[in-house]
Amino acid sequence: MGGSNPAGTSSTTTSEYGLPSYPVSEVAGHGPRLMSALSRNKSTETNISQRMDYQAGLMLNVSFSEHWGLESGVMVTGLSSTSTSSTGSLTRVSAEHINYVGFPINVVYTPWRGRHLSAYLSAGPAAEYGISRHWTTTDTINSTVITSDPGSDRPGDWVFSASLNAGVQWHPWEYGAFFLQPGVVGRLVNDASPDSFYTTHPVSFRLAAGYRLTF
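Residues numbered from 1 in each chain as written. Predicted model: local features only at pLDDT ≥ 70, side-chain atom pairs only at ≥ 80, totals over all residues. Heavy atoms only, no water.

**Digging into the environment of Gln-55**
Threshold: Note on conventions: DSSP H or I runs of at least 4 residues are helices, E runs of at least 2 residues are strands, and numbering of each starts at the N terminus. Any residue under 20% of the maximum accessible area for its type is buried, any over 50% is exposed, and the rest in between are partly exposed; the area is computed with a 1.4 Å probe on protein chains only. Here a polar contact is recorded for every N or O atom pair within 3.5 Å, except that within protein the pair must consist of a potential hydrogen donor and a potential acceptor, and residues adjacent in sequence are included only if both atoms are side-chain atoms.
Within the secondary structure layout, Gln-55 lies in strand 3 (residues 43–63). For Gln-55, a relative accessible area of 7% gives the class buried. One polar contact links Gln-55 to Thr-77, side chain to side chain, over a distance of 2.8 Å. Here Arg-206 takes part through its side chain, which lies 3.0 Å from a polar atom of the side chain of Gln-55.

Here it is, written out as structure tokens:
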């Protein structure tokens, strides 16, 4: 079992001039004319932040010889993004969280092995499936909430990747080891994938740590 700490958060800021598209609500007496008047002829600034919140899994490592082995298992990943758009006194905040479940398989090469410590290299593909997506979009005028719309669905997309890793592990007993593993991941997303850390970071650094079963 292990978790990874990705390379932090990515942020993007864009500005444009004109009238953005806001969902119109009659809540609290704010109608379409007021919405248009507040945003007309004003520039729009949008800040987007995308993160990988966590990645954890249960892995099994089977050795075929002193130096070679195969590792596979299941992992879950949580991705988050926040988009904030401001136009005059109008502000829209969209927060989204996406969950993936993945199935990696790696070839493991161990060039050095001591009594309780070893160093290894691993590489291989993984396939991840989008199982859930939740979001909330909130519109405010001068900090007063006029709409708040939650939603959810299942992306149903597949993200394929390949990783190259180098690690060290401490195995105080025969059938398990604690590990620390930096690596690089390259991802191939498709048109069905929602915008996320995966789509904006096709290549990223990953630092994983945890415990694995070994046989």
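**A few points about the environment of Asn-190**
Just so we agree on the cut-off: Any two residues whose heavy atoms approach within 4.5 Å are treated as being in contact.
In this fold, Asn-190 is placed in the loop between strand 9 (176–188) and helix 2 (197–200). When the C-alpha positions of Asn-190 and Trp-158 are compared, they lie 7.4 Å apart, and in sequence the two are 32 residues distant. Residues within four places of Asn-190 in sequence aside, it is in contact with Asp-157 and Trp-158. Of note is the side chain of Asn-190, whose polar atom sits 2.8 Å from the backbone oxygen of Trp-158.

**Re the packing of aromatic side chains**
Let me state the cut-off plainly: Each Phe, Tyr or Trp ring, with Trp reduced to its six-membered ring, pairs with another whose centre is within 6.5 Å; inter-plane angles below 30 degrees give stacked pairs, above 60 give edge-to-face pairs, and intermediate values give tilted ones. As a reminder, the over-ring test applies to NZ of lysine and CZ of arginine, requiring each to be within 6 Å of the ring centre and within 35 degrees of the ring normal.
Scanning the model with the defined rule gives eight aromatic pairs in all. Through successive ring pairs, a cluster of aromatic residues spans Trp-170, Trp-173, Phe-178 and Tyr-211. Its end group placed over the ring of Phe-179, Arg-212 keeps NZ or CZ at 4.0 Å from the ring centre.

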